[in-house]
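# What the coordinates show
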Amino acid sequence: HHSVTGSTPRGSGGRLFRMRAVVQRVSRASVSVNGEVVSSIGKGICVLVGITVDDSIKDAEYMINKIINLRIFGDENGKMWTKSVKDLGGEILCVSQFTLYAVTTKGFKPDFHLAMKSDQSKEFYSRFFAGLSAAYDPEKVKDGVFGAMMSVDIVNEGPVTIHMDSRKAAGGAGIGSGSDRTE
């Protein structure tokens, strides 16, 4: 057991927190603000992105690579886990979501102190989104509206939902863990 101010778990590279993404395989997804659709995609992935207090450009680069190359689609013969969104030429809907850092250990009200503060995270997320678009295809990468109350509508195929962190916690995978192998 460790606290925010306590010791860092062994093997986490001296940093307790990490960038987080939830990737969902979708047949379609959209984001609406005030009842108006602001972004929509067809087949591809919906990515919910959480940015924590000490994320760096290294975390963003790691996540961008993982997101576009994660093999969560099947091939033309129906063999699963063989194709990435990039392989398929699919679309990406990216949504910033600070609630991925909710701490729920005390009481019933979520605590969001691990999420990066709004002004910093807006700039970080903008850089992350620009990097994701540049690394893949700007025409196929769509965005929500940072800080807005959004309605995210998805049709999750499978369902397939993958939770990823940019750095390993004690014993987990991520930057520097040797788990970035390709097959």
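Here the structure is shown first, and the text comes after it.
Criteria and thresholds
- Residues numbered from 1 in each chain as written.
- Predicted model: local features only at pLDDT ≥ 70, side-chain atom pairs only at ≥ 80, totals over all residues.
- Heavy atoms only, no water.
- Salt bridge = Lys/Arg side-chain N within 4 Å of Asp/Glu carboxyl O.
- Helix = DSSP H or I, 4+ residues; strand = E, 2+ residues; numbered from the N terminus.
- Buried < 20%, exposed > 50% of the residue type's maximum accessible area, 1.4 Å probe, protein only.
- Contact = heavy atoms within 4.5 Å.

The next subject is the pattern of salt bridges. Tallied over the entire structure, the rule returns 3 salt bridges. The salt bridge involving Arg18 is made with Asp165; its shortest N-O contact spans 2.8 Å. With Arg18 in the segment before β1 (20–33) and Asp165 in strand β6 (residues 150–165), this residue pair connects regions lying 147 residues apart in the sequence. The exposure class assigned to Asp165 is buried, which follows from its relative accessible area of 15%. Close ionic contact of Asp153 with Arg28 constitutes a salt bridge, the shortest N to O distance being 3.8 Å. Of this pair, Asp153 sits in strand β6 while Arg28 sits in strand β1, and the two are 125 residues apart along the sequence.

Here we take up the environment of Pro110. Relative to the helices and strands, Pro110 resides in the loop between β4 (91–96) and α3 (118–135). Accessibility expressed as a relative area gives 35% for Pro110, which makes it partly exposed. The spatial distance from the C-alpha of Pro110 to the C-alpha of Thr99 is 8.5 Å, given a sequence separation of 11 residues. Among residues more than four places away in sequence, those in contact with Pro110 are Ala102 and Val103.

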